[in-house]
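Working through the structure, step by step
The primary structure of each chain is shown beneath.
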Amino acid sequence: MGWRATDFLSHMVGFMNAVLDCVFIETTTACTRRCRFCTHYYHDVIPYFMHQDIFFKIINDLRDMKFSGRLSFYMNGEPLLDRRLESWLSIANSCCPDALNFINTNGDLLTTDRALSLFEAGLDVMKVNSYTSKSAEKIKALVRDLPDHLRRKINHNDASRYDGWSSRGGVVELKTESKPLYPGPVCPRPFRQLYIKVTGEVALCCTDDQCRHTMGDVRSNDVESIWRGESFESVRNGFVKDSELPSLCYQCDLEPTYQEVDEVRALYS
Ligand code: SF4
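Please read all numbers here as calculations on a predicted model, not as lab measurements. (Residues numbered from 1 in each chain as written. Predicted model: local features only at pLDDT ≥ 70, side-chain atom pairs only at ≥ 80, totals over all residues. Heavy atoms only, no water.)

**Notes on the pattern of salt bridges**
This structure, assessed with the given rule, holds twelve salt bridges. Between Arg-114 and Glu-86 there is a salt bridge, with the nearest N and O atoms lying 2.9 Å from each other. Note that Arg-114 is positioned in helix α4 (residues 112–121) and Glu-86 in helix α3 (residues 85–95), a separation of 28 residues in sequence. Judged on exposure class, the residue Arg-114 and its partner Glu-86 are both buried. A salt bridge links Arg-228 to Glu-224; the nearest nitrogen and oxygen atoms lie 3.4 Å apart. (Salt bridge = Lys/Arg side-chain N within 4 Å of Asp/Glu carboxyl O. Helix = DSSP H or I, 4+ residues; strand = E, 2+ residues; numbered from the N terminus. Buried < 20%, exposed > 50% of the residue type's maximum accessible area, 1.4 Å probe, protein only.)

**Quick notes on helix α9 (residues 230–240)**
Three or more residues of α9 are buried, namely Phe-232, Val-235, Arg-236, Gly-238 and Phe-239. Mapping the buried residues of α9 onto a view down its axis gives an arc of 150°, with all of them on the same face. Remark: Asp-242 follows α9 within two positions and exhibits a positive phi of approximately 60°. (Arc of directions from axis to C-beta.)

**A word on the sheet that holds strand β1 (residues 22–25)**
Sheet architecture is open: eight strands sit in the order β5-β4-β3-β2-β1-β6-β7-β8, paired in mixed fashion. A strand with exactly one partner marks an edge of an open sheet, and here the two such strands are β5 (154–158) and β8 (216–217). Relative to strand β4 (residues 125–130), strand β3 (residues 100–105) runs parallel, the two being bridged by four bridges. Counterpart to Thr-105 in the pairing with β4 is Val-128. (Pairing = 2+ DSSP bridges.)

**Description of the state of the cysteines**
By the definition in use, this model includes zero disulfides. Cysteine Cys-31 shares no disulfide, and the gap to the nearest cysteine sulfur, in Cys-35, comes to 6.4 Å. Residue class for Cys-31 comes out partly exposed when judged on its relative accessible area of 36%. (Disulfide = S-S within 2.5 Å.)

**Examining the packing of aromatic side chains**
A ring pair, where both rings are aromatic, is described by two values, the distance of the centres and the angle of the planes. For the structure shown, the criterion picks out 13 aromatic pairs. Plain terms: the ring middles of Tyr-41 and Tyr-42 are 5.1 Å apart, the flat faces sit at 70° to each other, and that makes the pair edge-to-face. Looking at Tyr-41, the relative accessible area reads 31%, which means it is partly exposed. Among the aromatic residues, those joined into a cluster by ring pairs are Phe-24, Tyr-74, Phe-102 and Tyr-195. The aromatic ring of Phe-102 is capped on one face by Arg-70, whose charged end is 4.1 Å from the ring centroid. (Phe/Tyr/Trp six-rings, centres within 6.5 Å; stacked < 30°, edge-to-face > 60°. Lys NZ or Arg CZ within 6 Å of the ring centre and 35° of its normal.)

**With respect to the pairing of strand β6 (residues 193–196)**
Burial along β6 is two-sided: the face carrying Gln-193 and Tyr-195 and the face carrying Leu-194 and Ile-196 are both buried. The pairing of β1 with β6 spans four bridges and is parallel. Along β6, the bridge assignment pairs Cys-22 with Gln-193. Examined bridge by bridge, β6 and strand β7 (residues 201–203) share two bridges and lie antiparallel to one another. Counted as the bridge partner of Tyr-195 is Ala-203 from β7. As consecutive antiparallel partners, β6 and β7 are separated by four residues, and within that stretch Gly-200 has a phi angle of approximately 105°, a positive value.

Next comes the structure, spelled out in structure tokens:
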């Protein structure tokens, strides 16, 4: 999809003010799969689990900020491998009661009991991406058997035939040619989202899974200071004032689209 001048201008205006409405917490880097469209396929990723002190620090920082956006319990791992997820959802719920708790899973480990316990613990929305038709059939059957009010909280995406993946900054080998999109449009991610790696380091964005551009570290700084700090400001200026961007952006083919958290909340409320 091409970007017209009017799209560009409306994004410029829309994202001039940075509003933190989505925080990703990589509770684990472990995964059940090794998909060719994922950066994990191209790197030796050690299956780490986030230390609980780091998680508590993040949640306390977000509580102090009265964070009410989307709290995503994943980044580049499979969240259902983390057996602490339910207890961490409960903690997040009591510290940030207005946040929308969200996970994105490949569904390999999803059972009806696990879905019930996650929703019971405070999960608001679960997106399930099925990467094989067998997995898609399993999830369809599981969703069918859930009570109505929980079925609506699962967004099942059958991606078994999808091939429009991003190159993730030139890391992922694609079947079709893809061109970098930046500079040009304003990328919404540094204006809306914060990605906290399993180590506590803050990455530039979802494309930066190797943390090539570290924006800060929640172990030594609070989330709000990182979000308002020089590293993020410099990236935002790069987009709106046409100054230099992080090198990864010049190789990035991720569309500059973004669904505001209020829209996501309305869909699942
Ligand atoms: S690498 Fe891509 S997704 Fe990340 S900030 Fe740059 S343009 Fe946005």
